[in-house]
Amino acid sequence: MNMGIGINTQKPDEGQLSRKLEEVACGVWFTSRGTAMPQLIKYQDQDGLIHSISQIRVITREKKYYCGIPIQEYRCSARAEGRVYSFRLYYYMETNCWKISWEDG
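The structure displayed is predicted, hence computed values, not measured ones.

## Some details on the pattern of salt bridges
Within the structure shown, the criterion is met by 3 salt bridges. The salt bridge involving K64 is made with E73; its shortest N-O contact spans 3.1 Å. You'll find K64 and E73 in the same group, each marked buried. Residue R88 pairs with E103 through a salt bridge whose shortest N-O separation is 2.7 Å.

Here's what the structure looks like:
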């Protein structure tokens, strides 16, 4: 008879990540416990111009699995060029790659 020990030990999977993602460069500060905290991002727009956003405010940080791939998801905001940007940063731990998904269009 199974008493529930050892069941549901699989990591919950979010399925396929359906948001539009762009690759970014990310400057990261590591806490004393090894937690990565994004401090600066640089991205290239459609015209080829490189933009930089600093003083990132991390609202939430959560480890998720999308189709079995471990990803650290950060919900963030930052003020740049006179406006507030809301976005999600995704850190792909297996490939050390950062991607962004903009919340406001």
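## Here we look at the pairing of strand β6 (residues 83-92)
Burial within β6 is extensive, with 7 of its 10 residues counted as buried. Here strand β5 (residues 69-80) runs beside β6; their pairing, made up of 10 bridges, is antiparallel. Considered in β6, the bridge of I71 is made with Y92. Counting the residues between successive antiparallel strands, the hairpin from β5 to β6 contains 2 residues, one of them, E81, with a positive phi of roughly 55°. Of the strand pairs in this sheet, β6 and strand β7 (residues 97-102) are connected by 6 bridges, and their pairing is antiparallel. In the strand pairing of β7, R88 is matched with S101. Between the antiparallel neighbours β6 and β7 lie 4 residues, among them N96 with a positive phi of about 50°.

## Points about the nonpolar core
Among the nonpolar cores identified, the biggest contains 18 residues, and I41, I53, F87 and L89 are the most heavily contacted of them. Contributions of two or more residues to this core are made by β1 (22-30), β2 (36-44), β5, β6 and β7. The residues contacting L89, other than those within four sequence positions of it, are V24, P38, I41, Q72, E73, Y74, C76, W98, K99 and I100. Core analysis: the next-biggest nonpolar cluster, separate from the first, contains 6 residues, L17, I71, Y92 and C97 among them.

## Some words on the sheet that holds strand β3 (residues 50-54)
Strand order in this open sheet of 7 strands is β3-β2-β1-β7-β6-β5-β4, and the pairing throughout is antiparallel. The open sheet has two free edges, formed respectively by β3 and β4 (57-66), since each of these has just one partner strand. Strand after strand, the sheet turns through a mean of 35° between neighbouring axes, direction not considered. The pairing of β4 with β5 spans 9 bridges and is classified as antiparallel. Residue pairing for β5: R61 is matched across the bridge by Y74.

## Description of the side chain of S101
As for its position among the elements, S101 is in strand β7. Polar contacts involving the side chain of S101 include one to the side chain of R19, which spans 2.8 Å. Residues contacting S101, with those up to four places away along its chain left out, are R19, K20, L21, F87, R88 and Y90.

What counts, and where the lines are drawn
Residues numbered from 1 in each chain as written. Predicted model: local features only at pLDDT ≥ 70, side-chain atom pairs only at ≥ 80, totals over all residues. Heavy atoms only, no water. Salt bridge = Lys/Arg side-chain N within 4 Å of Asp/Glu carboxyl O. Buried < 20%, exposed > 50% of the residue type's maximum accessible area, 1.4 Å probe, protein only. Helix = DSSP H or I, 4+ residues; strand = E, 2+ residues; numbered from the N terminus. Pairing = 2+ DSSP bridges. Core = buried A, V, L, I, M, F, W, Y, C linked by side-chain atoms within 4.5 Å. Contact = heavy atoms within 4.5 Å. Axes fitted to C-alpha atoms, helices over the stretch in contact; angles between N-to-C directions. Polar contact = N/O pair within 3.5 Å; in protein donor to acceptor, adjacent residues only side chain to side chain.

Purely geometric stuff here, so don't read any function into it on its own.
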